[in-house]
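Topology and contacts: notes
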Amino acid sequence: MRHLMSPLDFTTEELDRLFDLANDIEKHPAKYAHACDGKILATCFYEPSTRTRLSFESAMTRLGGRVIGFSDAASSSASKGESVSDTIRIISCYADICAMRHFKEGAPMVAAEKSGIPVINAGDGGHQHPTQTLTDLLTIRTMKGRLSGFTVGLCGDLKFGRTVHSLINALVRYEDIHFIFISPEELRVPDYITDMLRTRGIPFEEVIRLEEVMPRLDLLYMTRVQKERFFNEEDYVRLKDFYILDRNKMKLAKEDMLVLHPLPRVNEISVEVDNDPRAAYFKQAQYGVYVRMALILTLLEIKG
Ligand code: CP
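Scoring rules and cut-offs
- Residues numbered from 1 in each chain as written.
- Predicted model: local features only at pLDDT ≥ 70, side-chain atom pairs only at ≥ 80, totals over all residues.
- Heavy atoms only, no water.
- Near = heavy atom within 4 Å.
- Polar contact = N/O pair within 3.5 Å; in protein donor to acceptor, adjacent residues only side chain to side chain.
- Areas by Shrake-Rupley, 256 points an atom, 1.4 Å probe, with all protein chains shown as cover.
- Nonpolar A, V, L, I, M, F, W, Y, C, P; charged D, E, K, R; others polar.
- Domains from an automatic or database assignment.
- Buried < 20%, exposed > 50% of the residue type's maximum accessible area, 1.4 Å probe, protein only.
- Helix = DSSP H or I, 4+ residues; strand = E, 2+ residues; numbered from the N terminus.
- Pairing = 2+ DSSP bridges.
- Axes fitted to C-alpha atoms, helices over the stretch in contact; angles between N-to-C directions.
- Parallel < 35°, antiparallel > 145°, perpendicular 65-115°, else oblique.
- Left-handed = near helix turned anticlockwise from the far one by under 90°.
- Contact = heavy atoms within 4.5 Å.
- Buried area = accessible area lost by both parts, 1.4 Å probe.
- Salt bridge = Lys/Arg side-chain N within 4 Å of Asp/Glu carboxyl O.

Side note on the site of the ligand
Close contacts around the ligand come from Ser49, Thr50, Arg51, Thr52, Arg101, His129, Gln132, Pro262 and Leu263, and that covers them all. Interatomic distance of 2.7 Å between a side-chain N/O atom of Thr52 and an oxygen atom of the ligand. In this structure, a nitrogen atom belonging to the ligand sits 2.9 Å away from a main-chain N or O atom of Leu263. Calculation on the ligand without its partners gives an accessible area of 260 Å², and the protein chains cover 91% of this total. Across the shell around the ligand, the residue classes break down as 2 nonpolar, 5 polar and 2 charged. Of the residues that make up the shell around the ligand, three or more belong to each of domain 1 (7-128 + 288-299) and domain 2 (131-284).

So, the pairing of strand S8 (residues 219-222)
Residues Leu219 and Tyr221 of S8 are buried on one face, and the alternating residues Leu220 and Met222, pointing to the opposite face, are buried as well. Note: S8 against strand S9 (residues 258-260), 3 bridges, orientation parallel. The partner of Tyr221 across the bridge, within S9, is Leu260.

Here we look at the packing of helix H1 (residues 12-27) against helix H11 (residues 281-299)
One can describe the packing of H1 onto H11 by two numbers: an axis separation of 8 Å at closest approach and a directional angle of 115°. Comparing the axis directions of H1 and H11 gives the class roughly perpendicular. Between H1 and H11 the crossing geometry is right-handed. Between H1 and H11, the residues in contact are Leu18, Phe19, Leu21, Ala22, Ile25 and Glu26 and Lys283, Tyr287, Tyr290, Val291, Met293, Ala294, Leu295, Leu297 and Thr298, respectively.

Looking at the sheet that holds strand S1 (residues 40-45)
Pairing is parallel across the open sheet formed by 4 strands, whose spatial order is S2-S1-S3-S4. One side of each edge strand has no neighbouring strand; the edge strands of this open sheet are strand S2 (66-70) and strand S4 (119-124). Pairwise comparison of adjacent strand axes, ignoring direction, gives a mean angle of 15° for this sheet. Relative to S4, strand S3 (residues 97-102) is paired through 4 bridges, and the arrangement is parallel. By the bridge assignment, Ala99 is partnered in S4 with Ile120.

Details of the side chain of Asn121
Structurally, Asn121 is set in strand S4. A relative accessible area of 2% places Asn121 in the buried class. Polar contacts involving the side chain of Asn121 include one to the main-chain carbonyl oxygen of Met5, which spans 3.1 Å. Looking at Asn121, its side chain comes within polar contact range of the main-chain nitrogen of Gly123, at 2.8 Å. For Asn121, the residues in contact, after removing those within four places along its chain, are Leu4, Met5, Met100, Pro108, Gln128, Pro130 and Thr131.

Description of the domain arrangement of the chain
According to the domain assignment, the chain contains domain 1 (7-128 + 288-299) and domain 2 (131-284). A straight line from the C-alpha centre of domain 1 to that of domain 2 covers 25 Å. Each partner contributes to the interface: domain 1 provides 32 residues, whereas domain 2 provides 24 residues. When the buried surface of domain 1 facing domain 2 is broken down by residue, Phe19, Arg51 and Gln128 rank first, second and third, together holding 24% of it. At the boundary of domain 1 with domain 2, the tally comes to 4 salt bridges. In this structure, the salt-bridge partner of Arg162 is Glu47, at a minimum N-O distance of 3.2 Å. Across the domain 1-domain 2 interface, the total number found is 12 residue pairs in polar contact (both at pLDDT 80 or more). Those elements that place two or more of their residues in the side of domain 1 that touches domain 2 are H1, helix H2 (51-62), S3, S4 and H11. Per-element accounting of the side of domain 1 that touches domain 2 gives the leading share, 9 residues, to H1. Class assignment for the residues of the side of domain 1 that touches domain 2 results in 12 nonpolar, 12 polar and 8 charged.

Examining the environment of Ser49
Along the polypeptide, Ser49 turns up in the loop between S1 and H2. The sequence separation of Ser49 and Gly123 amounts to 74 residues, and the corresponding C-alpha distance is 9.7 Å. Among the polar contacts made by the side chain of Ser49, one reaches the main-chain amide nitrogen of Thr52 at a distance of 3.3 Å. In terms of polar contacts, Ser49 uses its side chain to reach the backbone amide nitrogen of Arg53, at 3.1 Å.

In structure tokens:
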């Protein structure tokens, strides 16, 4: 039995197979419409979500399976003090696979250790968000035709943004990737990541001004300042609008640069950018369904 805790749980060859399957699902949805007949997905979300939870639910429904779960810790027995270890033992009696989001880093891993069914980390605190990374990689591979040879700008809250941490970990396995981290001083990417990049000899730069590096980027990954992870409201208010990607900044970018964002956005991408052909973030959310369909099939060992 396999779980998904980190994008690194799959080799790059396994990821290629997963993305091939996701692309085939996109082209031939009818072929997969009954692949999960009789199967049940549990979505156990201890933290709010729109995309991840609903795209998992959409994915299982499109595969012919059914969904149970909760979208709020307060409506589960966690509010009475039940541990994730006990909860997953119970969920294992009711479902065939579980997607879990938790505010505590490592909670899905603790659940996986006691689980009788595959557990998918659907985001744990500020740590990892592997299915968002699968979504990001599928989007890049499908729209650019490759996963190597990019200058990648990551902009915004690089300290608390778990999608950023997961994506960097995943991209370092591909050739000729150059990272440019664009953040205010207070929201710099954590040291353990820059240490890892130095150890592996992967080039990176850290800058504050987006305009300065915009012309060099092949991919721009914008992120929201993570209000829920700040200890201090004053710091959040000071930093929340530090970056706003607008039409003028887009004029500085390459004609084929892609703008990605895991969403939700607050103000960091102006709505005037939405109609720019380089804005890929809504398409990215659509790819999230295909990749989660492929992931469910893979972890349940169901052939399409
Ligand atoms: N991208 C993402 O994780 O969105 P949600 O928080 O809405 O699931």
